[in-house]
Amino acid sequence: MGGEKHPLEITAVIIFIHRILYLSENINMLTKEEKRVTIYDSKTKPTVPQSVRPDTPLHRLNLNWREKDLPEKERTKHVHRLHPYLGKFIPQLVEVFLRKYFTAGQTVLDPFVGSGTTLVQANEMGINSIGYDVSEFNIILCRAKTAKYDDRKVRMEVLDILEKVRRQNPLRHSQLSLWEQRQDLFSLTQSQPDNEYLQQWFAPQALNQLLAYRDLIDREGYEYCDLLQIILCRSARSARLTTHFDLDFPKRPQTTPYWCYKHARECYPTTEAYKFLERYSIDSLRRIQEFSKIRTNASVAIYHGDSRKAVNPQIDGVITSPPYVGLIDYHEQHAYAYYLLGLDDKREQEIGPAVGGSSKIAQQKYQQDIAAVFIRAAEAMPRGSRMIVVAADKNDLYGKIGAMIGVEVEAIVQRHVNRRTGRRSSEFYESVFIWRKC
Ligand SMILES: C[S@@+](CC[C@H](N)C(=O)[O-])C[C@H]1O[C@@H](n2cnc3c(N)ncnc32)[C@H](O)[C@@H]1O
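The rules behind each value
- Residues numbered from 1 in each chain as written.
- Predicted model: local features only at pLDDT ≥ 70, side-chain atom pairs only at ≥ 80, totals over all residues.
- Pairing = 2+ DSSP bridges.
- Helix = DSSP H or I, 4+ residues; strand = E, 2+ residues; numbered from the N terminus.
- Axes fitted to C-alpha atoms, helices over the stretch in contact; angles between N-to-C directions.
- Near = placed C-beta within 6 Å.
- Nonpolar A, V, L, I, M, F, W, Y, C, P; charged D, E, K, R; others polar.
- Buried ≥ 20, exposed ≤ 12 C-beta atoms within 10 Å, placed from the backbone.
- Contact = placed C-beta atoms within 7 Å.
- Core = buried A, V, L, I, M, F, W, Y, C linked by C-beta atoms within 7 Å.
- Domains from an automatic or database assignment.
- Left-handed = near helix turned anticlockwise from the far one by under 90°.
- pLDDT = per-residue confidence, 0-100.
- Parallel < 35°, antiparallel > 145°, perpendicular 65-115°, else oblique.

1. Considering the sheet that holds strand S5 (residues 300-304)
Adjacent strands of a sheet form backbone hydrogen bonds with each other and so pair up, either parallel or antiparallel. With mixed pairing, the seven strands of this open sheet are ordered in space as S5-S2-S1-S6-S7-S9-S8. The outermost strands of the open sheet, each flanked by one partner alone, are S5 and strand S8 (407-416). Across the sheet, the mean angle from the axis of one strand to that of its neighbour is 20°, orientation sign disregarded. Judged from the five bridges that link them, strand S2 (residues 128-133) and S5 form a sheet pairing that is parallel. Looking at S5, one finds that glycine 131 is bridged to isoleucine 302.

Structure follows, in C-alpha cells:
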C-alpha cells in the first residue's frame, strides 16, 4: 500500500506537468525581449480586439499582446504604414476601446491625432471622427490615410508622376563617390535645391529626383496630392544620407561607406531616390486599396492647429495618446518633409517638446497644457461619456491632470509595450486612463 498513489495525487501531478509544458511552450514562443518581462507569464490569454463588446468587463482585458498574438504585419496593416511615425499607438488598442465605449454613428475626438490611428480605426467601425494636430505633416498623412479614392484614377496618377520623373531623370551610376557625383550631377537639377538641409542630407541625384517629383505635384493638378506628397516624403526619408540602422534620429549625413549593424556588412549611403519612389508607390496603392475594402462613409474631420485652442463640436468621447514631456520633437521627426514641401512650422506650439526638457518646471507646464486640451474636449461631451488617454506616466503627472480637468477615474489599465522598432531595449509600460465626465 505504502508505494501506491491516491488518484487525486496523480491528477495533481498531471496538472502540474501540463502547466510546465504550457509554460515552456509559451516561453519558447516569446521574443528575446518578451522573455525578460514577467507579465507575459500570465495565465490569461491576451484580448482578441474583435471580441470586445460594451459589456466586456475592464478587468478581463489583457492588453499585453505578444509578438505572436499581434505580429508586425497586423500592427501596420493597410494604411497604418503609409509612412513611418515614431510614437503612435497600435490600432488594436484603439479598436478595443472603440468597441467598448462607442457605437457606429457616434463621434470620437483625438486632440493629438498624430499619424491618424484613431481616425482610421473609427472609420473602419462606422464611427465619425475629429482629429487635431499642430504638425502639418501629420495632417497631410491623416488626410492621405482616410481619403476616399477612385481606384482607377489614383492608380493612374501615382503611375503617371512616377513615369514622368523617370523620363526626366535617367539613372546614373549609383555608387560613384558622393563628391564625384556633386560635380557630375548638380548641373542636372531642374529646380535649385532650396536650402542647406536638402543639400546636406541628399546626394545630388536623389535630390534631383525628389525635386522633380515635388515640382510635378505642384504643376500637374493631380487630384490626390496628399497621397503623392506622402509617397514623396516616405521616399525622401529612405533616400537621406543616413546609415540603415539610424533612420529615426540620424545625427549627421553619412557620405562614405560604413559598417552596417543591421545588415552585418559594409553598406553605402544611397545616391538615388527613384527606387524608393517606385517601391512606395506600389506599396501605397496596395495599402489604400486594402483599406478601401473596409472603409465606411463615417465622416472624418482633420484640423491643423493647437488643440489647446480647439473649438469642438458635440462629441461622444475622446481616444488619444498625448505627447510626452521632453521626449519627441514632432516637427523635427519629419524635418525632410518640412524642407521639401515648405510646410507651415508651428513647432513652438508643441506641448512637451524634447527641446524643452523634462525638468519640474517643464512638467508643471505640461500638466497645465494637457489639462487645457481635455477641459475643452470635456465641454463638448455629454455627462458620463469617456476619455481614454494612453500615456506612459513615469513622472506621475496624470493623477493631477485628471483632477485639474475634474473627471472621475473609472480605471487605469496597465500594459507592456513591445518595442520592436529602433534599438531601444528597456522595459516600457504604458497606462490607459479611463476617465468619466462627471
Ligand atoms: C503621441 S503623438 C500621437 C500619436 C497618435 N496617437 C498616433 O497613433 O499616430 C502626439 C501628437 O501630439 C501632437 N501635438 C503636440 N502638441 C500639440 C498641440 N499643442 N496641439 C495639437 N497637437 C499637438 C504632436 O504633433 C503629435 O503628433
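2. Digging into the site of the ligand
Near the ligand, the surroundings consist of 23 residues, among which Lys88, Phe112, Gly114, Ser115 and Thr117 are the closest. Tallied by class, the residues present in the shell around the ligand amount to nine nonpolar, nine polar and five charged.

3. Considerations on helix H4 (residues 91-101)
Counted residue by residue, H4 has eight buried out of eleven residues, so it is predominantly covered. All of the buried residues along H4 are Pro91, Gln92, Leu93, Val94, Val96, Phe97, Leu98 and Tyr101. For H4, the elements touching its buried residues are helix H3 (72-75), strand S1 (107-110), helix H5 (117-124), strand S6 (317-320) and strand S7 (386-391).

4. Concerning the nonpolar core
Core analysis: the largest hydrophobic core is formed by 94 residues, its most contacted members being Val108, Leu210, Leu277, Ala377 and Ile388. Tallying contributions element by element places helix H11 (residues 225-239) first for this core, with eight residues. Residue contributions to this core reach at least three from each of two domains, namely domain 2 (58-133 + 300-327 + 344-437) and domain 3 (151-289). Setting aside residues no more than four positions away along its own chain, valine 108 makes contact with Leu98, Phe102, Thr118, Ala122, Ile127, Ser129, Ile315, Asp316, Gly317, Val318 and Ile319.

5. Comments concerning the pairing of S2
Regular strands have side chains that alternate between both faces of the sheet. A large share of S2 lies buried, amounting to six of its six residues. Taking every second residue as pointing to the same face, both faces of S2 are buried, with Asn128, Ile130 and Tyr132 on one and Ser129, Gly131 and Asp133 on the other. Summarising the sheet, S1 and S2 pair through four bridges and their orientation is parallel. Looking at S2, one finds that leucine 109 is bridged to isoleucine 130.

6. Things to note about helix H6 (residues 136-146)
Most of H6 sits out of view: ten of its eleven residues are buried. Looking only at H6, the buried set comprises Phe137, Asn138, Ile139, Ile140, Leu141, Cys142, Arg143, Ala144, Lys145 and Thr146. Looking at the buried side of H6, the elements it contacts are H5, S2, H11, S5 and helix H14 (335-341).

7. Considering the packing of H6 against H11
Between H6 and H11, the shortest axis-to-axis distance is 8 Å and the interhelical angle comes to 120°. The chirality of how H6 crosses H11 is left-handed. On H11, the residues that touch Ile140, Leu141, Arg143 and Ala144 of H6 are Asp226, Leu227, Gln229 and Ile230. Here the contact of H6 with H11 is built from residues that sort into five nonpolar, one polar and two charged.

8. Quick word on the confidence of the model for the protein chain
Averaged over every residue, the pLDDT of the protein chain is 89; the share at 70 or more is 84%. When the criterion is pLDDT under 50, residues 183-190 qualifies, and its contacts beyond four places in sequence or with other chains add up to 14 contacts.

9. A short note on the environment of lysine 346
Structurally, the position occupied by lysine 346 is in the loop between H14 and helix H15 (360-379). We classify lysine 346 as partly exposed; it has 16 C-beta atoms within 10 Å.

10. Overview of the packing of H15 against helix H16 (residues 398-405)
Contact geometry of H15 with H16 gives a least axis separation of 9 Å together with a crossing angle of 40°. Between H15 and H16, the crossing angle belongs to the class labelled oblique. H15 and H16 meet at a crossing whose hand is right-handed. For the pair H15 and H16, contact is made by Gln367, Ile370, Ala371, Phe374, Ile375 and Ala378 and by Lys400, Ile401, Met404 and Ile405, respectively. Looking at the contact of H15 with H16, its residues break down into eight nonpolar, one polar and one charged.

11. Some thoughts on unusual backbone geometry
Here alanine 264, not a glycine, exhibits a phi torsion of approximately 50°, which is positive. Non-glycine residue aspartate 396 carries a positive phi angle of around 55°. Structurally, aspartate 396 can be placed in the loop between S7 and H16. Judged by the 8 C-beta atoms lying within 10 Å of it, aspartate 396 is exposed.

12. Quick look at the environment of alanine 354
Relative to the helices and strands, alanine 354 resides in the loop between H14 and H15. Considered as a pair, alanine 354 and proline 323 are 31 residues apart in the sequence and their alpha carbons are 9.9 Å apart.

13. Here we look at the environment of glycine 326
On the secondary structure map, glycine 326 appears in the loop between S6 and helix H13 (330-333). You can call glycine 326 partly exposed: it has 18 C-beta atoms within 10 Å. Put simply, glycine 326 and glycine 357 are 31 residues apart on the chain and 4.3 Å apart in space, counted from C-alpha to C-alpha. In this view, glycine 326 contacts Gly352, Ala354, Gly356, Gly357, Ser358 and Ala362; residues no more than four positions away in its chain are not counted.

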